[in-house]
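Now for the letters of each chain:
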Amino acid sequence: MTDASDLKGLWQGSYSYSSSAEIGETPFKARLGGKDDALTGLITEKHLHNDGQIKAQIEGSFDGETLRFTKQYIASGTAYSRPVQYEGMLSADGRTISGTWVLPDDGGVFVMRRFD
């Protein structure tokens, strides 16, 4: 894979908190796109405080192996107001991305697999 357009499509994944094992894994769906080294996308996941869904935009970069992006929740209120920084590695077969995410006071791991 050479640029962000190679990541285009639907991905399914989950993330977990290092500090809060009782929360467990939070599943999400991501639609990725981009051009050259610019990565864009939209993530949909379960809201942690109610039964609804929440959406977040992502913007970042991809260098052919490592991706870095910021996830910013859309119209989400104070519980989801801070941007989340992600960094992950693409597997050799191009089907899995795994890595870490961080907030100023928390963090954890994530994994996502190509769906389509």
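Not measured: the values here are computed from a predicted model.

1. Let's talk about the overall build of the protein
Within the protein one finds 0 helices and 8 strands. When the helices and strands of the protein are placed in sequence order, the string is β-β-β-β-β-β-β-β. By the compact-globule yardstick of 13 Å for 116 residues, the protein fits well, its C-alpha radius of gyration being 14 Å. Referenced to the eigenvectors of the C-alpha coordinate spread, the extents of the protein come out at roughly 40 × 25 × 25 Å. As presented, the protein carries roughly 6,400 Å² of accessible surface, and 50% of it is formed by carbon and sulfur atoms. Taking the average location of the 12 positive side-chain charges in the protein and that of its 16 negative ones, the two points are 7 Å from each other.

2. Considerations on the side chain of R114
Secondary-structure assignment places R114 in strand β8 (residues 106–114). Within polar-contact distance, the side chain of R114 engages the backbone oxygen of K8 at 3.3 Å.

3. Thoughts on the packing of aromatic side chains
Applying the stated rule across the entire model yields 7 aromatic pairs. Ring centres of Y15 and F28 lie 6.3 Å apart, and the angle between their planes is 35 degrees; on these two criteria the pair is classed as tilted. Of this pair, Y15 sits in strand β1 (residues 9–17) while F28 sits in strand β2 (residues 26–35), and the two are 13 residues apart along the sequence. The two residues Y15 and F28 agree in class, both being buried. Taken together, the ring pairs connect Y15, Y17, F28 and W101 into an aromatic cluster.

4. What to know about the pairing of strand β4 (residues 53–62)
In this sheet, β4 lies alongside strand β3 (residues 38–46) in antiparallel orientation, the contact comprising 9 bridges. Bridging across to β4, L42 finds its partner in Q57. Counted along the chain from β3 to the antiparallel partner β4, the turn is 6 residues long. Both β4 and strand β5 (residues 66–73) contribute to a ladder of 7 bridges, which runs antiparallel. Within β5, the residue paired with F62 across the bridge is L67. Between β4 and β5, which pair antiparallel in sequence order, lie 3 residues; one of them, G64, sits at a positive phi of approximately 100 degrees.

Definitions and cut-offs
Residues numbered from 1 in each chain as written. Predicted model: local features only at pLDDT ≥ 70, side-chain atom pairs only at ≥ 80, totals over all residues. Heavy atoms only, no water. Helix = DSSP H or I, 4+ residues; strand = E, 2+ residues; numbered from the N terminus. Rg over C-alpha atoms; globule rule 2.2 N^0.38 Å. Areas by Shrake-Rupley, 256 points an atom, 1.4 Å probe, with all protein chains shown as cover. Lys, Arg positive; Asp, Glu negative; His and termini not counted. Charge placed at Lys NZ, Arg CZ, Asp CG, Glu CD. Polar contact = N/O pair within 3.5 Å; in protein donor to acceptor, adjacent residues only side chain to side chain. Phe/Tyr/Trp six-rings, centres within 6.5 Å; stacked < 30°, edge-to-face > 60°. Buried < 20%, exposed > 50% of the residue type's maximum accessible area, 1.4 Å probe, protein only. Pairing = 2+ DSSP bridges.

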